[in-house]
Amino acid sequence: MAPNKLNPSGNSSLSSGSQAENGFISSFSLFPEKAVQELLQSPIQASDDHLIEFSEALRTVAKALRKVAEGKASAQAEAAEWKRKYELERTRNLQFEDKEKSCPEHRTDLDDVKTNNPAKQPILYNKANSNGKSEECCSKNGICSHEVLRDGKPNSNSKMVKKASFKLQWCCKGEQSDQHKHDIVSFERGNITTAERSSKQISLKWESCPQTVLILNKPNSVSVQILCADMIRWLRQQKKLHIYVEPRVKVDLLTESSYFNFVETWSDDKEILKLHTKVDLVITLGGDGTVLWAASMFKGPVPPIVPFSLGSLGFMTPFYSENYKECLDSILKGPISITLRHRLLCHVIRDAAKNEFETGEPILVLNEVTIDRGISSYLTNLECYCDNSFVTCVQGDGLILSTTSGSTAYSLAAGGSMVHPQVPGILFTPICPHSLSFRPLILPEHVTLRVQVPFNSRSPAWASFDGKDRKQLAPGDALVCSMAPWPVPTACLVDSTNDFLRSIHEGLHWNLRKTQSFDGPRES
Ligand SMILES: NC(=O)c1ccc[n+]([C@@H]2O[C@H](COP(=O)([O-])OP(=O)(O)OC[C@H]3O[C@@H](n4cnc5c(N)ncnc54)[C@H](O)[C@@H]3O)[C@@H](O)[C@H]2O)c1
Ligand SMILES: Nc1ncnc2c1ncn2[C@@H]1O[C@H](COP(=O)(O)OP(=O)(O)OP(=O)(O)O)[C@@H](O)[C@H]1O
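Residues numbered from 1 in each chain as written. Chains lettered and ligands numbered in written order. Predicted model: local features only at pLDDT ≥ 70, side-chain atom pairs only at ≥ 80, totals over all residues. Heavy atoms only, no water.

Per an unreviewed UniProt entry, the recorded name for the protein chain is NAD(+) kinase, and the organism is Cicer arietinum. Word for word, the UniProt comment on the protein chain under Catalytic activity (unreviewed entry) is "NAD(+) + ATP = ADP + NADP(+) + H(+)". In the Sequence similarities (unreviewed entry) part of its UniProt record, the protein chain is described as follows: "Belongs to the NAD kinase family." (UniProt positions renumbered as here; feature names shortened; annotations may be inferred.)

Colleague: I tried to follow a nonpolar patch on the surface on my own but got confused; where do I start?
Modeller: Taken together, the side chains of Leu-51, Phe-54 and Leu-58 present a nonpolar region at the surface, about 330 Å² in accessible area. Secondary-structure assignment places Leu-51 in helix 3 (residues 33–102). For Leu-51, a relative accessible area of 54% translates into the label exposed. (Patch = residues over 30% accessible without salt bridge, like charges linked within 9 Å, V, L, I, M, F, W, Y side chains within 5 Å. Areas by Shrake-Rupley, 256 points an atom, 1.4 Å probe, with all protein chains shown as cover. Salt bridge = Lys/Arg side-chain N within 4 Å of Asp/Glu carboxyl O. Helix = DSSP H or I, 4+ residues; strand = E, 2+ residues; numbered from the N terminus. Buried < 20%, exposed > 50% of the residue type's maximum accessible area, 1.4 Å probe, protein only.)

Colleague: I tried to follow the site of ligand 1 on my own but got confused; where do I start?
Modeller: Lining the immediate environment of ligand 1, one finds 16 residues, of which Asp-288, Asn-367, Glu-368, Thr-408 and Ala-409 sit closest. In the environment of ligand 1, an oxygen atom lies 3.5 Å from a nitrogen or oxygen atom belonging to the backbone of Gly-289. Between ligand 1 and the protein, one listed contact pairs a nitrogen atom with a side-chain N or O atom of Thr-408 at 2.7 Å. Notes on ligand 1: free accessible area 780 Å², of which the protein chains cover 64%. Going through the elements one at a time, helix 9 (288–297) and helix 11 (410–413) are the ones with two or more residues in the shell around ligand 1. If one sorts the elements of the shell around ligand 1 by residue count, helix 9 sits on top with three residues. (Near = heavy atom within 4 Å. Polar contact = N/O pair within 3.5 Å; in protein donor to acceptor, adjacent residues only side chain to side chain.)

Colleague: In this structure, what is going on with the packing of helix 7 (residues 222–239) against helix 8 (residues 247–256)? I would like to understand it.
Modeller: In a pair of packed helices, the angle between the axes and the distance between the axes together describe the arrangement. For the pair helix 7 and helix 8, interaxial distance at closest approach is 11 Å and the crossing angle is 80 degrees. One finds that helix 7 runs roughly perpendicular with respect to helix 8. Between helix 7 and helix 8, the residues in contact are Gln-225, Cys-228, Ala-229, Ile-232 and Arg-233 and Val-249, Asp-252, Leu-253 and Glu-256, respectively. Considering only residue class, the contact of helix 7 with helix 8 consists of five nonpolar, one polar and three charged. (Axes fitted to C-alpha atoms, helices over the stretch in contact; angles between N-to-C directions. Parallel < 35°, antiparallel > 145°, perpendicular 65-115°, else oblique. Contact = heavy atoms within 4.5 Å. Nonpolar A, V, L, I, M, F, W, Y, C, P; charged D, E, K, R; others polar.)

Colleague: Would you explain the pairing of strand 18 (residues 380–386) in this entry?
Modeller: Two faces make up the sheet, and in a regular strand the side chains alternate between them. A large share of strand 18 lies buried, amounting to seven of its seven residues. Of the two faces of strand 18, the one lined by Thr-380, Leu-382, Cys-384 and Cys-386 and the one lined by Asn-381, Glu-383 and Tyr-385 are each fully buried. Two strands pair when backbone bridges link them, and strand 18 and strand 19 (residues 389–402) are joined in this way by seven bridges, in the antiparallel orientation. Its bridge partner lying in strand 19, Cys-386 is registered against Ser-389. (Pairing = 2+ DSSP bridges.)

Colleague: Sorry, what's going on with the environment of Ser-309 here?
Modeller: The topology assignment puts Ser-309 in strand 12 (residues 305–309). Sequence separation between Ser-309 and Ile-349 is 40 residues, and the spatial gap between their C-alpha atoms is 37 Å. Sequence-distant contacts of Ser-309, defined by excluding residues within four places in its chain, comprise Gly-286, Thr-317, Phe-319 and Ser-321.

Colleague: Can you walk me through helix 8 in this structure?
Modeller: Three- or four-residue spacings in an α-helix give side chains the same orientation, since the helix completes a turn every 3.6 residues. Listed as buried for helix 8 are Val-249, Lys-250 and Leu-253. Seen from one end, helix 8 has its buried residues packed into an arc of 100 degrees, which puts them on one side. Away from the buried face of helix 8 by more than 90 degrees, exposed residues Val-251 and Thr-255 are located. Tucked inside the fold, the buried residues of helix 8 contact strand 9 (212–217), helix 7 and strand 10 (242–245). (Arc of directions from axis to C-beta.)

Colleague: Explain the state of the cysteines here, please?
Modeller: Working definition of a disulfide: a covalent bond connecting the sulfur atoms of two cysteines. Tallied over the entire structure, the rule returns zero disulfides. The cysteine Cys-228 is free of any disulfide, with Cys-327 supplying the nearest cysteine sulfur at 16 Å. Overall, Cys-228 belongs to the buried group, its relative accessible area being 1%. (Disulfide = S-S within 2.5 Å.)

Colleague: How do you make sense of the environment of Ala-474 when you look at a structure like this?
Modeller: Checked against the element boundaries, Ala-474 lands in the loop between strand 24 (468–473) and strand 25 (478–483). By relative accessible area, which is 28% here, Ala-474 ends up partly exposed. The sequence separation of Ala-474 and Gly-406 amounts to 68 residues, and the corresponding C-alpha distance is 26 Å. Leaving out residues up to four positions away in the same chain, Ala-474 has contacts with Arg-350, Val-453 and Pro-460.

Colleague: Hey, could you run me through the site of ligand 2 in this one?
Modeller: Taken together, 14 residues are adjacent to ligand 2, and Lys-218, Glu-246, Gly-287, Thr-290 and Ser-312 come closest. Residue Arg-248 places a side-chain N or O atom 3.2 Å away from a nitrogen atom belonging to ligand 2. A distance of 3.2 Å separates a nitrogen atom of ligand 2 from a polar atom in the side chain of Trp-293. Compared with its free state, where it exposes 620 Å², ligand 2 has 71% of that area covered by protein.

Written out as structure tokens, the structure is:
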């Protein structure tokens, strides 16, 4: 039997099987094949026309739906941006109000700062010191936390030590400059906050001595445990510092010796939220993962981090543990060259939520947020919007939204460019896109990105944050992401550029090639 529209395979046994089950088909089987085809010719053509009409209608509906989704995305992105701005402004206002209450004579100058009067910005205010002498708080080439910290309310907890004050300075090509200093970085009570991002070399100078250090260890490492105990003894005996460790580390230390009774920790995870108000300096003992862990503990401002390398790669860990005493000695004296590593603030927005504000806690990432297909074998289908514009639909294994610090991590493996960590920007890197023309992008730091799992997606997507905390994104859910106002200040061994270049040379053997010899053909 030849193939035809009713029986494309031409398989007669199949059609006879159908006859038994289906009276409609069996009535057609009484006609000869040609007659059946003639009979069906005109209705099938008609139904083809209907199909064409129907598919055109579907296309129009899809277009309209895309428009609606774009409108919704743009409204939600705008709402997220306004929420971020509102929260930032509110925090600042509360801090200013606190200060005004505790120090009403500063009202005029603070008002100038509040209203961004550039003429008044560089100098915060002067205040009589304990000897009655006038003391300038903020010197010419930087901003300092001196006054802010000195004015802080006395803490009810007698064990609490006030945070050390410090001054931030930055320079361009070796020259110090205080231009834009209040636009770029500000801090209240010793917490660093960025209003805009700086691309200059930044140096931190202590105004008073650091007194409290938090040490974070990579787990399950004997060498880290030994180094940590040794470092704590030295910091206590030689530097008279207060020391915090994680509860698990304190247990290990006490098992070793009751000498470590003085080491402080926390019993309730809520106390972690207040750590930034107590800690002057964070020391990490591990690899890049421990720096990511340290950053994740601070949901707002982050104290300066000194990362010691006890891992295999160490892009963010420039300090060698062998000479930790000299390193810490010089860091505690200052000044320290620092890299302000920008973070991304991510919100998962559930379609079931009635509005943006019903969604879960925002998540901060230092490297990247990844949206991938998880265990599903289907292509991801992710609609991406940047501010109010449709960017593209990602069809492939997924998408990485990375900071410039994370550009040497997962994004690099997916074909993204390596970017100096001090460059402000968001990397938009597809993972195995099923399209030859999908090249990675680098977007400016001020944009809000939205990645939406469309309702017609064949499977859910999965978001993970610095390689952790996987969350399912069901069809209709979205992830909104923008640059966070709280960078992670990490101490540099030399400076941010030297450290970055050293890490790509040593860590990745970047552009390593034998030099061509002079011995050979050359231009005459
Ligand atoms: N295919 C990949 O390259 C791949 C896959 C998954 C996760 N990752 C990365 O691992 C990170 C989590 O790190 P972890 O230590 O918790 O997990 P991990 O122990 O699996 O280590 C992953 C590796 O990434 C390196 N790394 C981390 N941050 C880096 C950075 N900013 N620059 C260069 N290398 C970096 C680490 O040194 C480590 O060698 C994620 O944020 C992601 O960037 C990479
Ligand atoms: N204090 C900590 N508590 C819990 N987990 C931690 C802590 N510090 C690090 N981790 C986790 O342990 C894992 C390994 O840490 P890290 O990358 O520092 O060491 P590593 O794997 O030996 O280094 P490298 O990746 O350079 O070889 C990471 O996933 C990190 O998130």
